[in-house]
Amino acid sequence: MLRKVMSLATALTLGWAATGTTAHAEMITKTSPHSVAVTMDRLEAAVTGAGATVFARIDHAAGAEKVELELRPTQLLIFGNPKLGTPAMTDNQAAGLDLPLRVLAYADGEGVVHVTYHAPATLAQTHALPADAKYIQMMTGALDKLTGKAVAAE
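Counting starts from 1 at the beginning of each chain's written sequence and moves along it residue by residue. In keeping with the model being predicted, local features are shown solely for residues with a pLDDT of at least 70 and side-chain atom pairs are shown and tallied solely at 80 or more, while totals for entire chains, interfaces and linings include all residues. Side-chain calculation: all heavy atoms of the structure are included, whereas hydrogens and water are not.

Undergrad: I would appreciate a short explanation of the overall build of the protein chain in the present structure.
TA: Scanning the protein chain from terminus to terminus reveals 6 helices and 5 strands. Mapped in sequence order, the helices and strands of the protein chain form the string α-β-α-β-α-β-α-β-β-α-α. For the protein chain, buried positions account for 33% of its 154 residues. In the protein chain, once contacts between residues fewer than 6 apart in sequence are set aside, the share between residues at least 24 apart is 65%. About 9600 Å² of surface is accessible on the protein chain, with carbon and sulfur atoms providing 61% of the total. Only runs of H or I of at least four residues qualify as helices and only runs of E of at least two qualify as strands under DSSP, and these elements are numbered from the N terminus. Classification of residues uses two cut-offs on accessible area relative to the type maximum, computed with a 1.4 Å probe and protein chains only: under 20% is buried, over 50% is exposed, and between them is partly exposed. In what follows, residue pairs with any heavy atoms lying within 4.5 Å of each other are defined as contacts. Surface accessibility in these figures is a Shrake-Rupley result with a 1.4 Å probe; residues are shielded only by whichever protein chains are displayed.

Next up, the structure:
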(Lines give C-alpha, C1' and ligand atoms only; values in the text may rest on other atoms or scores of the structure.)
Protein backbone atom coordinates (compact mmCIF):
# COMPACT_ATOMS: atom_id res chain seq x y z
CA MET A 1 0.00 0.00 0.00
CA LEU A 2 2.78 2.45 0.92
CA ARG A 3 4.51 1.67 -2.39
CA LYS A 4 1.29 2.52 -4.29
CA VAL A 5 0.92 5.82 -2.43
CA MET A 6 4.56 6.70 -3.11
CA SER A 7 4.19 5.76 -6.79
CA LEU A 8 1.09 7.91 -7.07
CA ALA A 9 2.83 10.82 -5.37
CA THR A 10 5.82 10.46 -7.72
CA ALA A 11 3.55 10.30 -10.77
CA LEU A 12 1.65 13.39 -9.67
CA THR A 13 4.87 15.27 -9.00
CA LEU A 14 6.35 14.32 -12.38
CA GLY A 15 3.08 15.17 -14.12
CA TRP A 16 2.98 18.53 -12.38
CA ALA A 17 6.57 19.25 -13.39
CA ALA A 18 5.88 18.17 -16.97
CA THR A 19 3.07 20.74 -17.29
CA GLY A 20 5.33 23.55 -16.10
CA THR A 21 3.21 24.21 -13.02
CA THR A 22 5.20 25.30 -9.99
CA ALA A 23 4.25 25.50 -6.35
CA HIS A 24 5.25 29.17 -6.15
CA ALA A 25 4.74 32.24 -8.26
CA GLU A 26 7.63 33.76 -10.16
CA MET A 27 9.44 36.31 -8.06
CA ILE A 28 11.85 39.07 -9.02
CA THR A 29 14.73 39.62 -6.61
CA LYS A 30 17.34 42.37 -6.54
CA THR A 31 20.26 42.91 -4.18
CA SER A 32 20.53 46.17 -2.26
CA PRO A 33 23.75 47.81 -1.05
CA HIS A 34 21.74 49.43 1.78
CA SER A 35 20.30 48.13 5.04
CA VAL A 36 16.73 46.85 5.01
CA ALA A 37 15.46 50.03 6.70
CA VAL A 38 17.28 52.36 4.30
CA THR A 39 16.21 50.28 1.30
CA MET A 40 12.58 50.51 2.39
CA ASP A 41 12.91 54.24 3.11
CA ARG A 42 14.19 54.68 -0.44
CA LEU A 43 11.41 52.51 -1.87
CA GLU A 44 8.75 54.38 0.09
CA ALA A 45 10.12 57.71 -1.14
CA ALA A 46 10.16 56.44 -4.73
CA VAL A 47 6.56 55.18 -4.42
CA THR A 48 5.20 58.43 -3.00
CA GLY A 49 7.32 60.42 -5.45
CA ALA A 50 5.65 58.53 -8.29
CA GLY A 51 2.22 59.50 -6.98
CA ALA A 52 1.24 56.06 -5.67
CA THR A 53 -0.22 55.44 -2.23
CA VAL A 54 1.61 53.59 0.56
CA PHE A 55 -1.00 51.62 2.47
CA ALA A 56 1.27 49.93 5.01
CA ARG A 57 4.84 49.27 5.99
CA ILE A 58 5.22 46.16 8.07
CA ASP A 59 8.34 45.40 10.12
CA HIS A 60 8.23 41.62 10.52
CA ALA A 61 11.37 41.56 12.70
CA ALA A 62 9.78 44.04 15.14
CA GLY A 63 6.69 41.83 15.27
CA ALA A 64 8.82 38.79 16.03
CA GLU A 65 10.61 40.71 18.77
CA LYS A 66 7.29 41.52 20.44
CA VAL A 67 6.71 37.80 20.98
CA GLU A 68 10.32 37.20 22.04
CA LEU A 69 11.40 35.59 18.75
CA GLU A 70 14.26 36.57 16.50
CA LEU A 71 14.02 37.33 12.81
CA ARG A 72 16.64 38.96 10.61
CA PRO A 73 15.60 42.43 9.36
CA THR A 74 12.51 41.96 7.18
CA GLN A 75 10.11 44.66 6.04
CA LEU A 76 7.14 44.67 3.66
CA LEU A 77 5.79 47.70 1.81
CA ILE A 78 2.20 47.57 0.52
CA PHE A 79 1.39 50.22 -2.06
CA GLY A 80 -0.56 50.87 -5.20
CA ASN A 81 -2.21 53.14 -7.67
CA PRO A 82 -5.95 52.76 -8.33
CA LYS A 83 -5.32 53.77 -11.96
CA LEU A 84 -3.56 50.42 -12.41
CA GLY A 85 -5.25 48.20 -9.83
CA THR A 86 -8.85 49.11 -10.65
CA PRO A 87 -8.70 47.96 -14.30
CA ALA A 88 -7.21 44.65 -13.14
CA MET A 89 -10.02 44.22 -10.63
CA THR A 90 -12.58 45.24 -13.24
CA ASP A 91 -11.34 42.34 -15.37
CA ASN A 92 -11.49 39.99 -12.37
CA GLN A 93 -12.34 41.27 -8.89
CA ALA A 94 -10.48 38.35 -7.32
CA ALA A 95 -7.27 40.17 -8.37
CA GLY A 96 -7.95 42.30 -5.29
CA LEU A 97 -6.61 39.39 -3.28
CA ASP A 98 -3.13 40.20 -4.64
CA LEU A 99 -3.50 43.97 -4.86
CA PRO A 100 -2.21 46.41 -3.80
CA LEU A 101 1.33 45.49 -4.76
CA ARG A 102 3.82 44.26 -2.18
CA VAL A 103 7.61 44.42 -2.02
CA LEU A 104 9.64 42.63 0.65
CA ALA A 105 13.14 43.62 1.77
CA TYR A 106 15.10 41.23 3.97
CA ALA A 107 18.62 40.44 5.10
CA ASP A 108 19.82 36.91 4.47
CA GLY A 109 22.10 34.87 6.74
CA GLU A 110 25.19 36.68 5.46
CA GLY A 111 23.60 40.10 5.91
CA VAL A 112 23.01 40.67 2.19
CA VAL A 113 19.82 42.66 1.64
CA HIS A 114 17.38 41.44 -0.99
CA VAL A 115 14.31 43.13 -2.44
CA THR A 116 11.74 40.73 -3.84
CA TYR A 117 8.27 40.87 -5.35
CA HIS A 118 5.92 38.79 -7.46
CA ALA A 119 6.22 39.47 -11.17
CA PRO A 120 2.97 41.13 -12.33
CA ALA A 121 2.70 38.47 -15.05
CA THR A 122 1.85 36.03 -12.26
CA LEU A 123 -1.08 38.28 -11.30
CA ALA A 124 -2.36 37.81 -14.85
CA GLN A 125 -1.84 34.04 -14.69
CA THR A 126 -3.34 33.61 -11.23
CA HIS A 127 -6.48 35.63 -11.96
CA ALA A 128 -6.94 34.86 -15.68
CA LEU A 129 -6.25 38.46 -16.64
CA PRO A 130 -5.12 39.34 -20.16
CA ALA A 131 -1.35 38.81 -20.20
CA ASP A 132 -0.99 41.69 -22.65
CA ALA A 133 -3.11 44.10 -20.58
CA LYS A 134 -1.62 47.59 -20.43
CA TYR A 135 -1.95 47.64 -16.62
CA ILE A 136 0.19 44.47 -16.31
CA GLN A 137 2.88 46.09 -18.48
CA MET A 138 2.67 49.30 -16.44
CA MET A 139 2.87 47.43 -13.11
CA THR A 140 5.90 45.53 -14.42
CA GLY A 141 7.66 48.73 -15.43
CA ALA A 142 6.70 50.56 -12.25
CA LEU A 143 7.93 47.80 -9.94
CA ASP A 144 11.21 47.56 -11.83
CA LYS A 145 11.73 51.33 -11.74
CA LEU A 146 10.72 51.77 -8.09
CA THR A 147 12.78 48.87 -6.78
CA GLY A 148 15.66 50.02 -8.99
CA LYS A 149 15.60 53.37 -7.17
CA ALA A 150 15.49 51.58 -3.81
CA VAL A 151 18.60 49.50 -4.53
CA ALA A 152 20.60 52.10 -6.47
CA ALA A 153 24.06 52.77 -5.06
CA GLU A 154 23.70 56.58 -5.14
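Undergrad: How should the side chain of His 127 be read in this particular structure?
TA: With respect to the helices and strands, the residue His 127 is situated in the loop between helix 5 (120-126) and helix 6 (134-151). Between N or O atoms, a polar contact is any pair within 3.5 Å; within protein, one atom must be a potential hydrogen donor and the other a potential acceptor, and residues adjacent in sequence are included only when both atoms are from side chains. Reaching out from His 127, the side chain makes a polar contact with the side chain of Asp 98 at a distance of 2.5 Å. Residues contacting His 127, with those up to four places away along its chain left out, are Asn 92, Ala 94, Ala 95, Leu 97 and Asp 98.

Undergrad: Sorry, what's going on with the pattern of salt bridges here?
TA: Here the idea is simple: oppositely charged side chains can pair when their charged atoms come close. For this analysis, a salt bridge means a side-chain nitrogen from Lys or Arg found within 4 Å of a carboxyl oxygen belonging to Asp or Glu. The full count for this structure, using the stated rule, is 4 salt bridges. A salt bridge links Lys 30 to Asp 144; the shortest N-O distance between them is 2.8 Å. With a gap of 114 residues between them, Lys 30 in strand 1 (residues 27-32) and Asp 144 in helix 6 connect regions that are remote in the sequence. According to the relative accessible area criterion, Asp 144 is partly exposed, its value standing at 43%. One network of salt bridges, with partners in common, ties together Asp 41, Glu 44 and Arg 57.

Undergrad: Help me understand helix 2 (residues 36-49) in this model?
TA: Residues spaced three or four apart along an α-helix face the same direction, because each turn holds 3.6 residues. Any helix carries an expected span of 1.5 Å times its number of residues minus one. With 14 residues, helix 2 should reach 20 Å at 1.5 Å per residue; the first-to-last C-alpha distance of 20 Å fits that figure. Those residues of helix 2 not exposed but buried are Val 36, Thr 39, Met 40, Leu 43, Ala 46 and Val 47. End-on view of helix 2: buried residues confined to an arc of 120°, all on one side of the axis. Where helix 2 is buried, its residues meet strand 1, strand 2 (53-59), strand 3 (74-80), strand 4 (101-107), strand 5 (113-118) and helix 6. Note: the arc covers the axis-to-C-beta directions of the helix.

Undergrad: In this structure, what is going on with the sheet that holds strand 5? I would like to understand it.
TA: Hydrogen bonds between backbone groups are what pair the strands of a sheet, and the pairing can be parallel or antiparallel. Two strands qualify as a pair provided that DSSP identifies no fewer than 2 bridges between them. Pairing in this open sheet of 5 strands is antiparallel, and the strands run 1-5-4-3-2 from one edge to the other. Lying at the two open borders of the sheet, with one neighbouring strand each, are strand 1 and strand 2. Averaged over all adjacent pairs, the angle separating strand axes in this sheet is 20°, with direction ignored. Direction of pairing for strand 1 relative to strand 5: antiparallel, over a ladder of 6 bridges. Directly across from Met 27, in strand 5, lies its bridge partner His 118. Packing against the sheet, helix 2 makes contact with strand 1, strand 2, strand 3, strand 4 and strand 5, and its axis sits at approximately 5° to strand 3. To obtain an axis, a line is fitted to C-alpha atoms, over the contacting stretch when the element is a helix, and the angle between two such axes runs from 0 to 180 degrees between their N-to-C directions. Here helix 6 sits on the sheet and contacts strand 1, strand 3, strand 4 and strand 5; the angle it forms with strand 1, its principal contact strand, is near 20°.

Undergrad: Would you explain the environment of Glu 44 in this entry?
TA: By secondary structure assignment, the location of Glu 44 is in helix 2. Take Glu 44: its relative accessible area is 27%, and that puts it in the partly exposed class. In the structure, Glu 44 is positioned 10 residues away from Val 54 in sequence and 7.2 Å away in space, judged by C-alpha atoms. Every residue in contact with Glu 44, bar those within four places of it in the chain, is listed here: Val 54, Arg 57 and Leu 77.

Undergrad: Teacher, can you tell me more about the packing of helix 4 (residues 82-91) against helix 6 here?
TA: When two helices pack together, their arrangement is given by the angle between the helix axes and the distance between those axes. The N-to-C vectors of helix 4 and helix 6 enclose an angle of 140°; their axes lie 9 Å apart at closest approach. In this view, helix 4 runs oblique relative to helix 6, as classed from their interaxial angle. The hand of the helix 4/helix 6 crossing is left-handed. Across the interface between the two elements, Leu 84, Gly 85, Pro 87, Ala 88 and Asp 91 from helix 4 touch Tyr 135, Met 138 and Met 139 from helix 6. Grouping the amino acids of the contact of helix 4 with helix 6 by side-chain chemistry returns 6 nonpolar, 1 polar and 1 charged. Between 65 and 115 degrees an angle is taken as roughly perpendicular, under 35 as roughly parallel, over 145 as roughly antiparallel, and anywhere else as oblique. In this scheme the crossing of two helices becomes right-handed for a clockwise turn of the near helix relative to the far one and left-handed for an anticlockwise turn of less than a right angle. When residues are grouped by polarity, Ala, Val, Leu, Ile, Met, Phe, Trp, Tyr, Cys and Pro land in nonpolar, Asp, Glu, Lys and Arg in charged, and all others, Gly among them, in polar.

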